[in-house]
Each structure stands twice: as C-alpha cells, then as structure tokens.
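Geometric and topological summary
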Amino acid sequence: MKTAVKTDLFASAAPLEWAIIANNQFYTAQIPIDVNGKVVEGGIEAQARQTMDNLKHTIEAAKLTMDDVTQVLIYVTAREQLPIFNKVYAEYFAAPYPNRAAMIVAGLAREEMLCEVVVYAAVPQ
C-alpha cells in the first residue's frame, strides 16, 4: 500500500504526488518551483536552493528529517553547475551523508529548469 505525503507545495496539474511512502520507504522528486508553480529565476544557485528547500519541506511534511535521507540522485543541465549545486546541497546534510549520484542531462521537463533531485529516505517503523 502506498500513501501520499501532503505538502504545501504547488499542486501540480500533472498526474503525480510530490512524495509517496510505501514499504517503509519515502520517495520524492523535487524541482525548483515556488509556491505559484513558477521555476525560480537567478541561475543554478537559486534553483538549487529552491529545490533543496522544497525537499526539506516535503521530508518534514512526512514527519522525517534530512538525516533519514538514504539516497539522492542529482540532475543538472551543465557540468559547471554541479560544484554550485554541491555547495548548496552541503548546507542541508551532515555526515554520514546520503549515498548519491549526479548526472549531467541534456534537459529537464521544463526548459527553464537547471536541476532536479530524486530522493529516497528510510521511514522508521
């Protein structure tokens, strides 16, 4: 059985939930949108921060903490964006850090998006 996590994030018109819990695992994908559903301006640093703020909000809505995060998949649209994303990312986690992978992709769902994360977290029983 899966349960949707209720958040205060912009309600997407797409057929998706911002987060799901199933089998004691939390699943989410987060993008750099504001409360109005607009992709934030200001380049990769602003988008990374919005994405990570959205993640933190969603984790907390599930009554979890960032320490519960087990894996992060990072997507950026240019190699030179990754060090900037890493700088912002480091503000949200402490050791032991989640396992992670980073990918440079040709594009994301919205043309103006520069980053996206897919995150998994353990849900204590």
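Residues numbered from 1 in each chain as written. Predicted model: local features only at pLDDT ≥ 70, side-chain atom pairs only at ≥ 80, totals over all residues. Heavy atoms only, no water.

Quick reminder of the rule: UniProt positions are given in the numbering used here, feature names are shortened, and annotations may be inferred rather than shown by experiment.
By the naming in an unreviewed UniProt entry, the protein goes by L-PSP family endoribonuclease and is assigned to Neptunomonas japonica JAMM 1380. On record in UniProt, under Sequence similarities (unreviewed entry), the comment for the protein is "Belongs to the RutC family."

**Focus on helix 2 (residues 82-89)**
The condition is simple: Burial status follows relative accessibility: with a 1.4 Å probe on protein chains alone, a residue under 20% of its type maximum counts as buried, one over 50% as exposed, and anything between as partly exposed. In this text, helices come from DSSP runs of H or I with a minimum length of four residues, and strands from runs of E with a minimum of two, each type numbered from the N-terminal end. Our arc is simply the arc of the directions from the helix axis toward the C-beta atoms. Whether two residues are in contact is decided by their heavy atoms: any pair within 4.5 Å suffices.
Restricting attention to buried positions, one finds in helix 2 the residues Leu82, Phe85, Val88 and Tyr89. End-on view of helix 2: buried residues confined to an arc of 120°, all on one side of the axis. The secondary structure elements touched by the buried residues of helix 2 are helix 1 (43-61), strand 4 (69-76), strand 5 (99-104) and strand 6 (115-122).

**Looking at the nonpolar core**
One broad rule of soluble globular proteins: the nonpolar side chains tend to lie buried together. Definition in use: We define the nonpolar core as a collection of buried residues of types Ala, Val, Leu, Ile, Met, Phe, Trp, Tyr and Cys that are connected through side-chain atoms lying within 4.5 Å of one another.
Judged by nonpolar contacts, the single largest core of 26 residues is most densely connected at Phe26, Met52, Ile59, Val72, Ile74, Phe85 and Phe93. Only helix 1, strand 4, helix 2 and strand 6 provide two or more residues apiece to this core. The contact partners of Ile74, leaving out residues within four places of it in the chain, are Leu82, Phe85, Tyr89, Arg100, Ala101, Ala102, Met103, Glu116 and Val117. By size, the runner-up hydrophobic cluster in this structure holds 7 residues, among which are Leu9, Ile31, Val39 and Leu108.

**Section: the side chain of Gln30**
Here is the rule we go by: Nitrogen and oxygen atoms within 3.5 Å of one another constitute a polar contact, given that in protein one can donate a hydrogen and the other can accept it, and given that sequence-neighbouring residues count only through two side-chain atoms.
As for its position among the elements, Gln30 is in strand 3 (residues 25-30). Among the polar contacts listed, one links the side chain of Gln30 to the side chain of Thr28, at a separation of 2.8 Å. Excluding residues that lie within four positions of it along the chain, Gln30 makes contacts with Leu9, Trp18, Thr51, Asn54, Leu55, Thr58, Glu116 and Val117.

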